[in-house]
Amino acid sequence: MLFSCTKDQEIILRPNGTVASDRELSAGNATVFITGTSAYDTPAGWVTGDLLKRFHIGDRLYDDNRTSDQNDPVKGGLGPLYVGYSCGSCHRNAGRTYSTIDSEGGSGKNFSSILIYITRKNGGFFRQYGRVLHDQAIYGAEAEGKLHVTYEETKHQFHDGEEYTLRKPSYYITEWYADSISPDDLIIDVRIPLRHVGMGQIMSLDLDQLQELERRSNYPEYGISGKLNRIEDRHVSQIGVGGNKANHSDLTVELGFSSDLGVTNDRYPLEIGEGQSQMLGFTHYGIQISTRDMEDVDLYMYTLGVPARRNVNDPTVKRGEENFYQAKCHLCHTPTLHTRQDAPVLINGTRIPWLCRQTIHPYSDFLLHDMGPEMDSEYKAGLAMGCEWRTTPLWGIGLQQVVNGHTQFLHDGRARNFIEAIMWHGGEGAVSRELFARMSKEDRDALVTFLISL
């Protein structure tokens, strides 16, 4: 509940009517006190009136399954090549759908909750394929290929003797629709869906503060030195903040409809697979979703609330928070940032002034960090090398089990729980990993309890 639009006078109440503390307010005035399956899928308190109507329209467009019926002006346009049949198919409840990597061993039978990036070893693209392998197709077309994964599982020990396991994925592709590609010249980079938590705040970040973080991110004693990803978007150099590689400066709604669903739009008017011989007969349907509709999806994502922190005064949570700092996790997972002074603008010109001038707690510096050879996919994006990944925002991560029923973490879901995610930290994260490994079991468990509180 929000009492005032003037930042200095904002008072936000918990559901029991008491005043919330700053530590609980993950996203300032967009914090929501929801802990169930809709924790990621609830509008911020200031979303009312016409804004709320547009939120619900965007929510439906996000969740409704697209069909291959080209005569359906609302839900048509799926394919001919695609990955998922709606935004919500991969981002269930605005979170991360349980990946078909685990449920089906790679590509799914009717959709895949993964993105499969492919390039040549030299970074070039393959004839007949683009940067994303589309592993699904409507009737009459053929998927570009199918992904399979195998895991090598290894046992390890913490310094106190407790055992843990890690599983390292290996990928291969079969059923290439055209030219078969030799594994010797193939880079495969697999991503499971991101949680769509705090996307509006991320797009509203104070970029001057991020550049200051980049200048300060130099800790040779811990081997940490982060950098921003700078990208070219519509011929303009911009700072990237979205995606695993920080290689996006917007919410990629237009790109998602085009590449993930095969739905053409004003920004991407050509069908995915345009130029492939099998696309004959599939390339003259015109624009399949309007910019106005896509802006409602943009608005829905911008105005989602962010779950409040829970149990901030619990002794174990407080002990875990201390351990988080002792392990130097905070040097990359920056607890507190701010949003910019001016209102962000959506893809069709709507401004969202409620997102500006907020103190937020994303637990990320949004910089790229070298995570070591074990996390090196060899796939580059902008300035991001294969081993470099954007620090994952941790807000809301403790509710992923509730929202999506699993605890797959990291970009490819190789980590099955918090412990594995921490122990995969190499490169610039190696010191934190080692400090965590040297803790007692009680301190390790307390740190995990702290993460669950976020």
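Caption draft 1: Just the overall build of the chain, in detail. The helix and strand tally for the chain stands at 12 helices and 14 strands. With respect to the principal axes defined by its C-alpha atoms, the chain has extents near 65 × 55 × 40 Å. Expressed as a percentage of its 454 residues, the buried residues of the chain come to 56%. Taking all contacts inside the chain whose residues are at least 6 apart in sequence as the whole, residues at least 24 apart take part in 67%. If you sum the accessible surface of the chain, you get close to 19200 Å²; carbon and sulfur atoms cover 49% of it. With 45 positive and 60 negative side-chain charges, the chain shows a spacing of 3 Å between the two charge centroids.

Caption draft 2: Up close: the state of the cysteines. Per the counting criterion, the structure on display carries zero disulfides. Free cysteine: C87, not disulfide-bonded; nearest cysteine sulfur from C90 at 8.8 Å. Its relative accessible area of 18% is what places C87 among the buried residues. Residue C387 stays outside any disulfide, its sulfur separated by 13 Å from that of C332, the closest cysteine.

Caption draft 3: Representation of the pattern of salt bridges within the structure. Within this structure, the stated rule accounts for 26 salt bridges. Here E295 and R54 are joined by a salt bridge, their closest N and O atoms 2.6 Å apart. Remark: R54 occurs in helix 1 (residues 49–63) and E295 occurs in helix 7 (residues 291–302); sequence separation between them is 241 residues. R54 matches E295 in its accessibility class, with the two residues each being buried. The structure contains a network of salt bridges with shared partners spanning D160, E162, K441, R444 and D445.

Caption draft 4: Fine view of empty space enclosed by the protein. Under the counting rule described, the total for this entry stands at three cavities of 30 Å³ or more. Counted as a void, the largest cavity has a volume near 790 Å³. H333, T392, L394, L410 and H425 are the residues nearest the centre of the largest cavity, which is lined by 38 residues in total. When contributions to the lining of the largest cavity are tallied by element, the ones reaching two or more residues are helix 4 (199–203), strand 14 (388–390), helix 10 (418–423), helix 11 (430–437) and helix 12 (441–452). Here the lining of the largest cavity takes three residues from helix 10, the largest share from any one element. Considering only enclosed or pocket space, the second largest cavity measures out at about 670 Å³ in volume. If you list the elements that add at least two residues to the lining of the second largest cavity, you get helix 2 (87–90), strand 3 (115–119), helix 6 (253–260) and helix 7. Ranked by the residues each element gives to the lining of the second largest cavity, the list is headed by helix 6, at six residues.

Caption draft 5: Highlighting the environment of S217. Structurally, S217 is set in the loop between helix 5 (207–216) and strand 8 (229–233). For S217 and D365, which are 148 residues apart along the polypeptide, the C-alpha to C-alpha distance reads 9.2 Å. When sequence neighbours within four positions are dropped, the list of residues in contact with S217 reads I224, S225, G226, L367 and H369. Among the polar contacts listed, one links the side chain of S217 to the backbone nitrogen of G226, at a separation of 2.8 Å.

Caption draft 6: Inspection of the packing of helix 1 against helix 7 at higher detail. Where helix 1 meets helix 7, the closest approach of the two axes is 7 Å, and the angle between their N-to-C directions is 105°. Between helix 1 and helix 7, the angle is such that the two are roughly perpendicular. Along the contact surface, helix 1 presents L51, R54, F55, I57, G58, D59, L61 and Y62, while helix 7 presents R292, D293, E295, D296, V297, L299, Y300 and M301. For the contact of helix 1 with helix 7, the class distribution of residues is nine nonpolar, one polar and six charged.

Caption draft 7: A look at unusual backbone geometry. Here the amide bond leading from G79 into P80 is cis, since omega sits at 10°, within 30 degrees of zero. Along the chain, P80 turns up in the loop between helix 1 and strand 2 (81–82). With a phi close to 70°, L410 is a non-glycine residue in the positive phi region. Locating L410 in the fold gives a position in the loop between helix 9 (400–404) and helix 10. Under the relative-accessibility criterion, L410 is labelled buried at 17%.

Caption draft 8: Summary view of the side chain of R54. Exposure remark for R54: the relative accessible area of 14% places this residue in the buried category. A polar contact is formed between the side chain of R54 and the side chain of D296, at a distance of 2.7 Å. Beyond its immediate stretch of four places on either side in the chain, R54 contacts R292, E295, D296, L299 and T350.

Caption draft 9: Region of the structure containing the environment of E374. Among the structural elements, E374 can be located in the loop between strand 13 (368–370) and strand 14. You can call E374 partly exposed: its relative accessible area is 41%. As for E374 and W424, which are separated by 50 residues in sequence, their C-alpha atoms are 7.7 Å apart.

Definitions and limits used
Residues numbered from 1 in each chain as written. Predicted model: local features only at pLDDT ≥ 70, side-chain atom pairs only at ≥ 80, totals over all residues. Heavy atoms only, no water. Helix = DSSP H or I, 4+ residues; strand = E, 2+ residues; numbered from the N terminus. Buried < 20%, exposed > 50% of the residue type's maximum accessible area, 1.4 Å probe, protein only. Contact = heavy atoms within 4.5 Å. Areas by Shrake-Rupley, 256 points an atom, 1.4 Å probe, with all protein chains shown as cover. Lys, Arg positive; Asp, Glu negative; His and termini not counted. Charge placed at Lys NZ, Arg CZ, Asp CG, Glu CD. Disulfide = S-S within 2.5 Å. Salt bridge = Lys/Arg side-chain N within 4 Å of Asp/Glu carboxyl O. 1 Å grid on protein atoms, 1.4 Å probe; cavity = no way out; pocket = protein on both sides within 12 Å on 5 of 7 lines; lining within 4 Å. Points joined across faces, edges and corners; volume = space filled by probe spheres on them. Polar contact = N/O pair within 3.5 Å; in protein donor to acceptor, adjacent residues only side chain to side chain. Axes fitted to C-alpha atoms, helices over the stretch in contact; angles between N-to-C directions. Parallel < 35°, antiparallel > 145°, perpendicular 65-115°, else oblique. Nonpolar A, V, L, I, M, F, W, Y, C, P; charged D, E, K, R; others polar.

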